Amino acid sequence: MENCIFCKIANGEIPSATLYEDEDFRVILDLGPASKGHALILPKTHAANIYEISDEMAAKAMVLAKKMASKLTEVLNCDGFNIVQNNGEAAGQTVFHFHMHLIPRYKNDGVGIQWKPGTLTDEVKAEILEKVKG
Ligand code: 5GP
Ligand code: ZN
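Residues numbered from 1 in each chain as written. Chains lettered and ligands numbered in written order. Predicted model: local features only at pLDDT ≥ 70, side-chain atom pairs only at ≥ 80, totals over all residues. Heavy atoms only, no water.

Novice: For the overall build of the protein, give the residues involved together with the corresponding values.
Specialist: Helices and strands together make up the secondary structure of the protein, namely three helices and five strands. Its C-alpha atoms put the protein at 50 × 40 × 25 Å along the principal axes. The burial tally for the protein puts 34% of its 134 residues in the buried class. Of the contacts formed within the protein by residues at least 6 apart in sequence, a portion of 53% connects residues at least 24 apart. Roughly 8,900 Å² of accessible area belongs to the protein as shown, and the carbon and sulfur atoms make up 55% of that amount. One way to put it: in the protein the 14 positive side-chain charges average out to a point 7 Å from where the 18 negative ones average out. (Helix = DSSP H or I, 4+ residues; strand = E, 2+ residues; numbered from the N terminus. Buried < 20%, exposed > 50% of the residue type's maximum accessible area, 1.4 Å probe, protein only. Contact = heavy atoms within 4.5 Å. Areas by Shrake-Rupley, 256 points an atom, 1.4 Å probe, with all protein chains shown as cover. Lys, Arg positive; Asp, Glu negative; His and termini not counted. Charge placed at Lys NZ, Arg CZ, Asp CG, Glu CD.)

Novice: Any chance you could break down the coordination of the zinc ion (ligand 2) for me, citing the residues and the numbers?
Specialist: Reference geometry at the metal: tetrahedral coordination by four donors gives ideal angles of 109.5 degrees; octahedral coordination by six donors gives 90 or 180 degrees. Around the zinc ion (ligand 2), the protein supplies C4 (SG), C7 (SG), H46 (ND1) and H97 (ND1) as donor atoms, at distances of 2.0 to 2.3 Å. Considering all four donor atoms around the zinc ion (ligand 2), angles at the metal cover 106 to 116° and the coordination shape is tetrahedral. Counting along the primary sequence, the residues that act as donors to the zinc ion (ligand 2) give the motif C-x2-C-x38-H-x50-H. Of this pair, C4 sits in the segment before α1 (5-10) while H97 sits in the loop between β4 (80-84) and β5 (100-105), placing them 93 residues apart in sequence. Neither C4 nor H97 differs from the other in exposure class; each is buried. (Donors = N, O, S within 2.8 Å, 3.2 Å for Na, K, Ca; no water. Tetrahedral: all angles 85-135°; square planar, octahedral: opposite > 155°, others 65-115°.)

Novice: Any chance you could break down the side chain of H38 for me, citing the residues and the numbers?
Specialist: Counting through the fold element by element, H38 comes out in the loop between β2 (25-29) and β3 (39-43). For H38, a relative accessible area of 5% gives the class buried. Polar side-chain contacts of H38 include one of 2.8 Å to the side chain of H101. (Polar contact = N/O pair within 3.5 Å; in protein donor to acceptor, adjacent residues only side chain to side chain.)

Novice: Residues and numbers for the nonpolar core, please.
Specialist: With 15 residues, the main nonpolar core has F25, V27, I41, L64, M100 and L102 as its most contacted residues. At the level of elements, β2, β3, α2 (55-76) and β5 are the ones that each hand at least two residues to this core. Ignoring anything within four residues of it in the chain, the contact list for L102 reads V27, G37, H38, A39, I41, A65, M68, L72, F81, N82 and I83. (Core = buried A, V, L, I, M, F, W, Y, C linked by side-chain atoms within 4.5 Å.)

Right, dumping it as structure tokens:
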């Protein structure tokens with residue numbers, strides 16, 4: 001897609017710190033890392049988000065996330081790992097080309113991927129079960 005920065009990076013038109021590449025994906029270091037080793041999985045074909053990506057590419061992306069998480073954990077000796085994937089502005093997406101964040105975590109690193117737990121009420125539970133399961 002024209003003017004999509006991640007299309008250009010994924011396909012090598014813009015240079016990047018590439019950790020891994022195959023015919024479908026490029027894995028790069030994030031320019032604004034949440035922690036040491038924060039990387040991004042970029043599909044080489046354009047899909048804006050989880051709603052648009054094909055089942056095949058989504059499946060491959062998850063398998064690659066698993067491989068990269070193991071490799072990064074081994075080489076960085078991190079203590080934990082977050083896989084984050086944002087869809088839509090409201091969810092914090094800023095680049096509208098599907099990507100998965102690989103975020104190594106270190107004890108007491110202060111990285112904030114958190115929310116304040118609410119309460120699942122009976123009413124909302126019933127509403128959602130009804131809507132999703134019909
Ligand atoms: P989002 O908020 O869309 O889930 O994540 C976008 C991520 O892409 C951010 O973590 C941001 O730091 C990273 N990013 C944005 N532009 C570039 C770029 O040109 N190169 C690299 N390596 N990372 C980028
Ligand atoms: Zn794109």
